[in-house]
Structures are given as structure tokens and as C-alpha cells.
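# Chains, contacts and geometry: an overview
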Protein chains: 2
Amino acid sequence: MSSSADYLRRYTERADQALHACLQLEGSCSSHLLSAMRYAVLAPGKRLRPGLCYATGELFDVSDMLDAPACAVELIHAYSLIHDDLPAMDDDDFRRGQPACHKAFGEAIAILAGDALQAFAFEMLANQRILSADRTLTMLRILAHACGSNGMAGGQALDLDYNPMHGNTADIETIHRYKTGALIKTSVELALIASDSISQATRDQLLNFAEIFGLAFQIRDDLLDHIPANSANASVSTRSEPDYTAADGPAKAMERLDNLYNQAMEILRPFGAKSEGLRAWTTALLNGLPRPE
Amino acid sequence: MSSSADYLRRYTERADQALHACLQLEGSCSSHLLSAMRYAVLAPGKRLRPGLCYATGELFDVSDMLDAPACAVELIHAYSLIHDDLPAMDDDDFRRGQPACHKAFGEAIAILAGDALQAFAFEMLANQRILSADRTLTMLRILAHACGSNGMAGGQALDLDYNPMHGNTADIETIHRYKTGALIKTSVELALIASDSISQATRDQLLNFAEIFGLAFQIRDDLLDHIPANSANASVSTRSEPDYTAADGPAKAMERLDNLYNQAMEILRPFGAKSEGLRAWTTALLNGLPRPE
């Protein structure tokens, strides 16, 4: 595991540098608002979404061109965390080892910081000059769709309306597919837009990989909450959220996770050495889970 | 006034039709969320921002191409109203003659409806096929900038931090310029992107017109709140908002408004008959104010 962790640290560092650089360029008429935006984005994170974008780019030697889309997905992710943590939503007081944005800056500024980060993600992607106008526009279409009512925001709405008394595994998978899966899939898909040399079949396989990754990532997240050492550290939400393990039990969820992990690794196999990055993410995040009690 | 009102009704109707059409195409995994989005956008409004976009397009015979940018600015405006009305922000219970979105759908869905409408504005604009990729990308850049920390969201943050004990007219103009001015200016600017035949000098003049319009529009809004018949109907906010008339008194504000109105009309004069639409908006919204008590 430690060599995989070392490998992934390169992506995290690259994403951190790119995020610092793009937020350095961003000005604001309100220094208060800009502080809240920086606070939320630059808090330590593993930078999974930029990492998946960079690692997918390595399959086709276009990783160098991907700082703007990689940052854009992370900015969107950061905005979604700010809004999800609000009292009216999941009401979480802590995020990434620090007080949630609304605890540090107040609810109003937190709402605006999320709003401004969403706009900034699109502005920053639209302003990049490395990729052609056509490719950039395609990326903007995909990213905007993933954020909207048939993507992340729609998934969060489904999540809020979820009733654990009447929910089943299929419902929970649907929520996960929109709420977290859409942006994870987009992280991979944006990297595919940067290259000409990808067949439709290969593209479909990698989008399938991304969907599997997104779902497995969420199942593992639900499983981790069932391990006492982790649940003690977990943020305490007042709402009963959809939980994959609650619907079918942890053993079934573990079996599903193993199955998805194997499928994901199988898709990556033909890419050989170039898929080392994606395999490292897959192994680090979808495998090696401490067994639930 | 009534012929001007008849003239403007054409813009309102065209914008309403275009908004209905684009929201008809929008799907969502959450019907609850989609209902909230439609509720907020399709409530009756004068559609000033789309109207300015269409009317600017008429100066250069490109108005027919502008449904997507006109709808995009209105979707952004609608999202900003939802978030501004939230209890943590201006805490307004009514909007456009109906309960505010969070009163009708709850705070969580209202936050998400705003988030999804912002994403949808960018997606819808990115998906339109009437304008070239280059022009569309330029429009996306301008719109995203106007929404962000150096635009509308930044202006709302300045507004929240505003202290009427220490504020002066210049501070209030700055807040207005970002909070409402940025999107009004963008409504004009997007129309200018659609035409090739505009000199830099003409462009600068029309952007100046748009800035004057945005500021005068807000001063008039503040003045209307001082007229008893209007203030009785005004939404009651618990927060003391920046008020142009409070800083310098209504008489000075009225003088400033008259001055701005004359400047705006003067800029439009050389465009002759083609500026009939912009002159109608200017006359209807910046002139003919009932005198304050």
C-alpha cells in the first residue's frame, strides 16, 4: 500500500499546486468571500477527482494539458461540500479536519462561496488556452451537465428525499450515481476529450470504469462508517442518509465492492504500464478495506 | 408610457417562450428539484435582462440569434433571487407575487434549485448551435465572470458586509455595480458578441450604456422604496440593506437618476430607429418615476 500511496502523492501535489495557482489569479471585490473560497478549496484533501483526470490523461499522453479541467472538477467538488454541509442540508460542522465553511465564515458567506466557486470553475475552464475552443466547449458542456439537475445537484435532491424505510439497494445506487458518481465520471471523461486517438470502444470502456469507480467508492465509504474506529471520527449528520450497507448488510456490500474492484482492474489491464496511475487510485480507494465487524 | 409598455411586452413574451422551451428540455433525476427550478424561473417577471439582450441585438440585426444567451442571463438571475431570499441571506418570504422558493419547497431544495439553475445556464448556453464555438466560449467566459467573486456573488458578499453607519454613496455604487450591475452589463455584452460589425468605440459606448443602466436601475429601486405606496408592498427584509437614497437623501438620488437617464438616452441617439427597444427599456425603467414624498 505504501508505494501506491507514494505514487498517488504526486497527483495530490500536482493538483494542490494547480489549485493554488488558479486561486492566486482569482480576485474578488470582497476579500471576505475570497477568503472563504480559498479556505474551502485549499484545505487538505486527497484530490481524487483531479487525480483521476490526470491519471486518465496518462493513458493517452495528454496528462500535461489537464490542469484546467482537473482544477475545475475539484472546484466544483469543493463548492458542493460547502453547500452539503449547510444546516439546511446535511448540517455538518467539520470538513477536511477544520470547521465547515459556514462555521468559519457564517452561512451567508458560505452559500456565496459555493456559488462563486461554481462560477469560477466554469470561468477558469473557459479561460484556459491549452486546448482548442471546440474541446473546451465540449468539456464545459459535460461539466455543466454533471453539476446540474441530472447530475450532482439532482442526486443531492434525491438524497434529501430518500426515505430509509422504503429504500432499497437500487434506489441507493441511483442516488450515488448522480450525487457522487456524475462528477467522478466527469473527471475521467474530461481527460478523454483532450485526446484524438481514442476509439469509441475504448472511450466506452473507460466511462464504464469511471461509473464502476464512482459506485464502488461510495459503497466503500458507507462500509467505512460501519467500522467503529472510523464511525467515531465520521462527521455527525442529523439526517439519516442513504447507506448501502444498511439496505443489504455489510457482508453483501463487501462482496459487491470486491466485485466492482475486480471489474475496474480488468478494464485497466489492457493499458499496461500507462494505467499505473488509475490502478493505484483503484487499489488505494476500492481495495484493502479493513473488514467490517 | 403605455405604448412603451406594449413595446416591451414583446420582449417579455419572447423571453417567456424561450424560457418555457429550454426548461421543457431540461430533465432531472429529481422531479422535486425540477419543480422548484421551474417555479422560480417561470414566475411572472418583466424579463429585463433577456429584454436588454434582445434589444441590444436589434441594433446590429442579430436579435434572432440570442435566445440562448438571453435565457442564460435570466436563469442566472432566477438562481440569484432564490439564494438571496434564503433566511441566512436577505430572508424574504415573497418573490414575484408568490412565496419564495424556500417557503414553497424548503430551504434545502431551494439551495439546490439555485445551484442547478446556475449549472443549467452554462449548460444551455454551451449547447446552443446557432453561434460559433468561439463566440459561445467568449459568452461563457463573460457570463461566468459576471456570476463570480468579481461579479454578482462578490457584490452580494459586499452587500452582506455593508454597514450603513459607515457607508457612503461611493460604497453603495460599488455594491450595486457588482451585485446587480454585472449581470445587466452582461445582458448587453453577450448581444455584442454575436455580431462582427461592431467597432471598439461602439462596443465601449454600449458597455457604458449598460453600466449606466444598471446603476440607475438600482437607484430607482431604492427610490421606489421611499414612496409609501410602494414600500407597503415591498418585501420586508430583516437586514438593513445598502440604500442609495439613505446616504444622500431622495432629492440628490432623483437628480442622479435623471442625470443617468439623460446620459443613457444620449448614447442611444446615434442608433436611430434600431434603438427603439433599448430606448423603451430605458424610458420605462429609468424615467417617469412617481416623485418621492
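Read on for an overview of the structure. (Residues numbered from 1 in each chain as written. Chains lettered and ligands numbered in written order. Predicted model: local features only at pLDDT ≥ 70, side-chain atom pairs only at ≥ 80, totals over all residues. Heavy atoms only, no water.)

### What about the overall build of chain A?
From N to C terminus, chain A includes 14 helices and two strands. For 293 residues, the compact-globule estimate of 2.2 N^0.38 gives 19 Å, and chain A sits close to it at 18 Å. Principal-axis analysis of the C-alpha atoms gives chain A an extent of 50 × 50 × 35 Å. Burial analysis of chain A (293 residues in total) assigns 61% to the buried set. (Helix = DSSP H or I, 4+ residues; strand = E, 2+ residues; numbered from the N terminus. Rg over C-alpha atoms; globule rule 2.2 N^0.38 Å. Buried < 20%, exposed > 50% of the residue type's maximum accessible area, 1.4 Å probe, protein only.)

### Remarks on the relation of the copies chain A and chain B
Superposing chain A onto chain B requires a rotation of 180° together with a translation of 0.0 Å along the rotation axis, leaving an RMSD of 0.0 Å. What the superposition gives is, in effect, a two-fold axis relating one chain to the other. Comparing interface residues between copies, 100% of those in chain A also sit at the interface in chain B, which points to an isologous, same-surface contact. (Least-squares fit on C-alpha atoms with pLDDT ≥ 70 in both. Contact = heavy atoms within 4.5 Å.)

### A word on the packing of aromatic side chains
What characterises a pair of aromatic rings is the spacing of the ring centres plus the angle enclosed by the ring planes. All names here are of chain B. For the coordinates displayed, the defined rule picks out 13 aromatic pairs over all chains. Taking 6.0 Å as the distance between ring centres and 35° as the angle between the ring planes, the aromatic pair formed by tyrosine 11 and tryptophan 281 counts as tilted. Placement of the pair is tyrosine 11 in helix 1 (residues 2-25) and tryptophan 281 in helix 14 (residues 276-286), with a sequence separation of 270 residues. With a centroid separation of 6.5 Å and an interplanar angle of 20°, the aromatic rings of phenylalanine 213 and phenylalanine 217 are classed as stacked. With phenylalanine 213 and phenylalanine 217 both in helix 10 (residues 200-224) and four residues apart, this pair spans about one turn of that helix. One exposure class covers both phenylalanine 213 and phenylalanine 217, and it is buried. (Phe/Tyr/Trp six-rings, centres within 6.5 Å; stacked < 30°, edge-to-face > 60°.)

### As for helix 7 (residues 133-147) of chain A
Its 15 residues give helix 7 of chain A an end-to-end C-alpha distance of 21 Å, which sits within 8% of 21 Å, the value for a rise of 1.5 Å per residue. All buried positions along helix 7 of chain A are accounted for by Ala133, Thr136, Leu137, Met139, Leu140, Arg141, Ile142, Leu143, Ala144, Ala146 and Cys147 of chain A. (Expected span 1.5 Å × (residues − 1).)

### Topic: the interface of chain A and chain B
Taken residue by residue, the interface counts 48 residues in chain A and 48 residues in chain B. Interface area lost by chain A to chain B is led by Cys29, Arg141 and Ser149 of chain A, which between them contribute 17%. Counting the contacts that link chain A with chain B gives zero salt bridges. Where chain A packs against chain B, one counts 24 residue pairs in polar contact (both at pLDDT 80 or more). Among the secondary structure elements, those contributing two or more residues to the side of chain A that touches chain B are helix 2 (31-42), helix 4 (67-85), helix 6 (107-127), helix 7 and helix 8 (152-161) of chain A. Top element by residues in the side of chain A that touches chain B is helix 6 of chain A. It accounts for 13 residues. Here the side of chain A that touches chain B is built from residues that sort into 25 nonpolar, 15 polar and eight charged. (Buried area = accessible area lost by both parts, 1.4 Å probe. Salt bridge = Lys/Arg side-chain N within 4 Å of Asp/Glu carboxyl O. Polar contact = N/O pair within 3.5 Å; in protein donor to acceptor, adjacent residues only side chain to side chain. Nonpolar A, V, L, I, M, F, W, Y, C, P; charged D, E, K, R; others polar.)

### A look at unusual backbone geometry
If you check the backbone angles, aspartate 61 of chain B has positive phi at about 55° while not being a glycine. For aspartate 61 of chain B, a relative accessible area of 57% puts it in the exposed group.

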